[in-house]
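One letter stands for each residue in the lines below.
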Amino acid sequence: MIPTTLSSIEMVRNAISKLLRRKEHDNVTQTASTQPGQVDWEIYTYGLNGVDDDENILLSSILYYSIAFLASVLILSHIQHLILVKVRHILLLHTNTRGALKYWAAPANSTVSFVKRHILWAPVGKIRHNREIRLSNVINFGTLPTRLQAILLTLYFASNIVYCTILLNWHLPRPQLIAEFRGRTGVLAVANMVPLFLLAGRNNPLIWVLGISFDTWNLIHRWLGRIVALESTCHITAWAINEVEISLIGWHGVLEKIRESQFVLAGLIGGIAFLCLLFHSPSPIRHAFYETFLHLHIAFALAGLIGVFYHLKTDKLPQIIYICLCIGIWSYDRLSRLVRLLYRNCGRRMTRFRVTALPGGGGACRVDIEMTRPWKYTPGSHAYVYLPWVSMWHSHPFSIAWSNNPNKRETWNEDCDNAERRDSSDSADCSDTVSQSLVEDMADIEKMTSTAILVDNPIVALSGHASHSTHMQGCSDDIPWSEKNTVSMVMSKRTGMTKTLWDMTNRTASKTLYFRGFLEGQYGAQHGLYSYGMVVLVAGGVGITHCIGWARELLHLYKKGRGVARRAELIWVVPDKDQYDWCREWFDEIFAVPGWEEFLIIQLYVTRPKGDMLVSPCPNVPAYAGRPDWRSIFNRFVEWRLGTMGVTVCGPGTLSDSIRYAVREQISNASIDFLEESFTW
């Protein structure tokens with residue numbers, strides 16, 4: 001680390017010395033170059049003539065060193081946080097007393113609290129962060145970054161502007177200055193392509209190294225793309241200006257060079273591809289036509305990569321190593337995704353999807369996925385779903401809400417017995433309840449298997465009719481649906497694939513369809529909730545799929561005596577109380593655990609109740625009309641807190657921003673960690 005730092009300092013010192021020595025050298029150059037007939041200005045229209053390649057390499061290195069420095073700071077911060085969490089977890093597992101919890105409940109020092117409240121968790125303005133900027137239901141301008149993200153992005157953007165403008169040798173004659181600008185922008189554009197491609201992948205190693213979500217990296221990826229597109233455009237423009245001004249035939253000379261030179265043609269193709277990426281990626285276009293955008297995005301990115309590769313290869317420029325790195329990064333991400341996809345979904349039979357149209361407002365489908373191989377479920381994770389008969393090769397991310405492995409019910413039964421044994425009560429009721437639930441579930445499974453449709457023909461599916469042969473196509477009678485290695489999701493109807501899937505399923509008499517498909521994952525879940533004495537789970541609408549898995553996991557650990565959390569609060573905000581039916585079966589499984597109410601408190605808020613009287617859809621879940629008063633709720637949580645409080649939220653941007661604001665207000669009064677799950681790309 002020290003030799004690297006010293007070498008960086010030496011490089012910067014040499015660069016400064018070089019800039020200071022320029023003036024004398026430039027005066028000589030300018031005097032010589034201004035004599036008539038002494039200089040052939042046309043040499044500055046091609047090759048490295050006029051390009052300060054040494055300084056370009058130096059500035060590229062400084063750019064990478066600045067990224068490495070920032071990454072080092074983030075790594076150290078992440079390691080410090082992981083150590084703190086692990087120490088807290090271990091200590092509380094062995095000394096989980098009220099005194100120990102009280103120690104960890106104390107707020108952090110004033111400096112840490114200030115940084116979290118005003119920089120780390122703060123939006124650019126006062127409240128708005130994940131709430132989308134909309135002009136209408138169709139036109140969506142995306143979201144705003146946090147204050148820290150805005151600072152870092154501004155500094156990086158400004159550094160590229162400084163390298164491409166202020167650090168140029170402005171004493172040079174115009175053609176030579178433009179040639180230097182052309183070289184500078186071209187080199188930095190290629191240098192920025194490496195982090196651009198790295199942050200675009202789902203298997204970006206920085207996600208787990210730094211504990212930063214894909215959503216954040218995707219934000220940085222978009223801004224890096226804009227920088228690369230702008231620098232590429234400046235690179236081409238500078239070449240064209242010199243070519244037009246110096247050439248005797250003007251723009252005809254530019255067209256002639258494009259026709260005759262593979263070097264120029266390849267570079268132009270790459271530059272145009274990046275310019276197309278810039279113009280087709282704004283948020284309104286991206287969100288309105290996401291699937292079309294995604295395919296065009298990949299096509300333009302490949303065209304840009306190939307064009308720049310041949311552009312550099314033709315003249316054997318040293319920056320080709322950057323393009324080789326980009327190709328390696330992209331190949332690694334795609335290959336690892338393909339291997340994971342084949343391993344998870346292909347075996348004696350392919351992965352099967354059971355899609356059920358759920359009752360309740362808004363329209364949603366429950367998707368149960370029977371995996372080919374065992375699946376170790378992690379709460380808070382998400383996966384990408386491929387349904388070829390519905391959306392061809394497109395994939396879409398969804399949170400994994402539930403997992404039914406073969407021993408899950410037995411584990412719950414064992415936990416119930418242990419809990420009742422500690423309470424000196426009879427365990428027969430719990431066993432009977434779980435056994436009866438198992439019998440009912442198996443009856444439901446047999447009924448759905450006999451009446452549902454296995455879709456291997458989209459035309460039949462869309463018509464809403466299927467014969468027995470269609471049902472059995474690709475699935476024999478001796479392979480009924482099994483709950484073994486099954487994970488479940490809830491897909492809320494919006495546009496594109498989710499709407500098509502809902503329409504297909506809702507048209508059938510049984511409201512159930514079967515599909516062959518693929519599941520890629522699992523991803524996410526960088527932050528666990530295992531070391532918090534009190535956990536607050538906030539969900540909005542279909543965001544319950546992120547929270548309910550954590551509720552079950554923490555209750556499971558609590559009943560086994562292996563958890564740190566002593567209390568969990570689950571608050572679900574929905575527009576219609578009927579949406580409770582989306583997760584009714586999973587909640588019933590939680591309610592079957594004796595003593596669950598000692599640990600878990602569930603509240604339902606209905607923002608658009610029907611009628612004057614709101615009746616709760618479940619006696620175990622109190623329902624309230626209207627939106628929650630988050631300030632008073634978190635004031636109460638802080639008073640009740642046991643140890644460090646972990647707050648996680650998944651839902652619409654307005655809800656996430658409200659929770660973020662409420663947590664920031666309390667950061668100086670309690671030890672709180674804020675974890676947000678969002679899909680804003």
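Residues numbered from 1 in each chain as written. Predicted model: local features only at pLDDT ≥ 70, side-chain atom pairs only at ≥ 80, totals over all residues. Heavy atoms only, no water.

## Overview of the overall build of the protein chain
Scanning the protein chain for helices and strands turns up 24 helices and 15 strands. Counting across all 681 residues of the protein chain, residues that qualify as buried make up 48%. Relative to all contacts within the protein chain whose residues are 6 or more apart in sequence, the contacts with residues 24 or more apart total 75%. Surface exposure of the protein chain reaches about 32,700 Å², of which carbon and sulfur atoms provide 62%. (Helix = DSSP H or I, 4+ residues; strand = E, 2+ residues; numbered from the N terminus. Buried < 20%, exposed > 50% of the residue type's maximum accessible area, 1.4 Å probe, protein only. Contact = heavy atoms within 4.5 Å. Areas by Shrake-Rupley, 256 points an atom, 1.4 Å probe, with all protein chains shown as cover.)

## Details of the packing of aromatic side chains
Within the structure shown, the criterion is met by 18 aromatic pairs. With 6.2 Å between their ring centres and 35° between their planes, Trp 572 and Phe 587 make a pair best called tilted. Here the residue Trp 572 occupies a position in strand E11 (residues 567–574), and Phe 587 occupies one in helix H21 (residues 584–591), the gap between them amounting to 15 residues. Classification of Trp 572 as buried rests on a relative accessible area of 1%. Take Phe 587: its relative accessible area is 0%, and that puts it in the buried class. Put simply, the rings of Trp 572, Tyr 580, Phe 587, Phe 591 and Trp 596 pair up and form one aromatic cluster. Taking the ring centre of Tyr 384 as reference, the NZ or CZ of Arg 202 above it sits at 3.5 Å. In this structure, Arg 226 is placed above the aromatic ring of Trp 223, and the distance from its NZ or CZ to the ring centre is 4.5 Å. (Phe/Tyr/Trp six-rings, centres within 6.5 Å; stacked < 30°, edge-to-face > 60°. Lys NZ or Arg CZ within 6 Å of the ring centre and 35° of its normal.)

## A short note on the packing of helix H10 (residues 262–280) against helix H12 (residues 290–314)
Axis separation between H10 and H12 bottoms out at 7 Å; the angle between their running directions is 155°. The angle between H10 and H12 falls in the class roughly antiparallel. Crossing geometry of H10 relative to H12 is assigned as left-handed. Residues Gln 262, Phe 263, Ala 266, Gly 267, Ile 269, Gly 270, Ala 273, Phe 274, Cys 276, Leu 277 and His 280 of H10 pack against Phe 293, Leu 296, His 297, Phe 300, Ala 301, Ala 303, Gly 304, Gly 307, Val 308, Tyr 310, His 311 and Thr 314 of H12. Considered class by class, the residues forming the contact of H10 with H12 number 14 nonpolar, 9 polar and no charged. (Axes fitted to C-alpha atoms, helices over the stretch in contact; angles between N-to-C directions. Parallel < 35°, antiparallel > 145°, perpendicular 65-115°, else oblique. Left-handed = near helix turned anticlockwise from the far one by under 90°. Nonpolar A, V, L, I, M, F, W, Y, C, P; charged D, E, K, R; others polar.)

## Examining the sheet that holds strand E4 (residues 395–399)
A sheet is described by the order of its strands in space; here 3 strands give the open sequence E4-E3-E9, paired in antiparallel fashion. Edge positions in the sheet fall to E4 and strand E9 (518–524), since each of these pairs with one other strand and no more. Each neighbouring strand pair of the sheet contributes to a mean axis angle of 25°, computed without reference to strand direction. Across 5 bridges, the pairing between strand E3 (residues 381–386) and E4 is antiparallel. In the strand pairing of E4, Ala 383 is matched with Phe 398. (Pairing = 2+ DSSP bridges.)

## Regarding the nonpolar core
Counting residues in hydrophobic clusters, the biggest one holds 45 residues, and the most contacted among them are Met 193, Phe 274 and Ile 323. Counting residues per element, this core draws most heavily on helix H8 (residues 214–246), at 8 residues. Beyond its immediate stretch of four places on either side in the chain, Ile 323 contacts Val 190, Met 193, Leu 305, Val 308, Phe 309 and Leu 312. If you look at the next biggest cluster of nonpolar residues, it comprises 41 residues, including Ala 364, Ile 548, Trp 582 and Trp 586. (Core = buried A, V, L, I, M, F, W, Y, C linked by side-chain atoms within 4.5 Å.)

## A word on the side chain of Thr 146
Take Thr 146: it is sitting in the loop between helix H4 (110–120) and helix H5 (147–164). Residue classification places Thr 146 among the buried positions, given a relative accessible area of 6%. With sequence-adjacent residues up to four places away left out, Thr 146 is seen in contact with Leu 120, Ala 122, Pro 123, Val 124, His 129 and Arg 660.

## Things to note about helix H13 (residues 320–345)
The first and last C-alpha atoms of H13 sit 37 Å apart over 26 residues, in line with the 38 Å expected at 1.5 Å per residue. By the burial criterion, the buried members of H13 are Tyr 322, Ile 323, Cys 326, Asp 333, Arg 337, Leu 341, Arg 344 and Asn 345. In this structure, the buried residues of H13 make contact with helix H2 (53–94), helix H6 (174–198), H12, E3 and E9. (Expected span 1.5 Å × (residues − 1).)

## Structural notes on the packing of H5 against H6
The contact between H5 and H6 brings their axes to 9 Å, and the two run at 150°. Classified by the interaxial angle, the pair formed by H5 and H6 is roughly antiparallel. Side by side, H5 and H6 meet where Tyr 156, Asn 160, Tyr 163 and Cys 164 of the first sit next to Phe 181, Arg 184, Thr 185, Leu 188 and Asn 192 of the second. For the contact of H5 with H6, the residue count by class is 5 nonpolar, 3 polar and 1 charged.

## Notes on a nonpolar patch on the surface
Side chains of Leu 76, Ile 79, Ile 83, Val 87 and Leu 91 sit close together on the surface and give an oily, nonpolar patch of about 450 Å² of accessible area. Relative to the helices and strands, Ile 79 resides in helix H2. (Patch = residues over 30% accessible without salt bridge, like charges linked within 9 Å, V, L, I, M, F, W, Y side chains within 5 Å. Salt bridge = Lys/Arg side-chain N within 4 Å of Asp/Glu carboxyl O.)

## A closer look at the sheet that holds strand E15 (residues 672–677)
With respect to topology, 6 strands assemble into an open sheet ordered E13-E12-E11-E10-E14-E15, the strand pairing being parallel. Each edge of the sheet is formed by a strand with only one pairing partner; in this case those strands are strand E13 (623–625) and E15. Between one strand and the next, the sheet's axes are offset by a mean angle of 15°, whatever the strand orientation. Examined bridge by bridge, strand E12 (residues 600–606) and E13 share 3 bridges and lie parallel to one another. Considered in E13, the bridge of Val 606 is made with Ala 625. Of the strands in this sheet, strand E10 (534–540), E11, E12, strand E14 (645–650) and E15 are in contact with helix H20 (residues 544–560), which crosses E10 at around 155°.

## Details of the pairing of strand E7 (residues 486–492)
Among the 7 residues that make up E7, 7 are buried, leaving the element largely enclosed by the rest of the structure. Neither face of E7 is exposed, since Thr 486, Ser 488, Val 490 and Ser 492 on one face and Val 487, Met 489 and Met 491 on the opposite face are all buried. Here strand E2 (residues 364–370) pairs with E7 via 7 bridges, running antiparallel. The partner of Ala 364 across the bridge, within E7, is Ser 492.

## Description of the side chain of Ser 60
Along the chain, Ser 60 falls in helix H2. Among the polar contacts made by the side chain of Ser 60, one reaches the main-chain carbonyl oxygen of Asn 56 at a distance of 2.9 Å. What Ser 60 contacts, discounting residues up to four positions off in sequence, is Val 187, Leu 188, Ala 191 and Tyr 322. (Polar contact = N/O pair within 3.5 Å; in protein donor to acceptor, adjacent residues only side chain to side chain.)

## Details of the pattern of salt bridges
Under the defined criterion, the tally for this structure stands at 18 salt bridges. One network of salt bridges, with partners in common, ties together Arg 202, Asp 333, Arg 337 and Glu 520.

## Structural notes on the confidence of the model for the protein chain
Mean pLDDT over the protein chain: 81, with 82% of residues reaching 70 or higher. Contacts of residues 1–6 to residues separated by more than four positions or lying in other chains number 2 contacts, the stretch itself having pLDDT below 50. Confidence over residues 415–478 falls short of pLDDT 50; this stretch has 78 contacts with residues more than four positions distant or in other chains. (pLDDT = per-residue confidence, 0-100.)

## Observations regarding helix H9 (residues 251–260)
Inspection of H9 places Gly 253, Val 254 and Ile 258 among the buried residues, and these make up the whole buried set. On an axial view of H9, the arc spanned by its buried residues comes to 140°, and they lie on one face. For H9, exposure combined with an orientation more than 90 degrees from the buried face picks out His 252, Arg 259 and Glu 260. Among the structural elements, H8 and H10 are those in contact with the buried residues of H9. (Arc of directions from axis to C-beta.)

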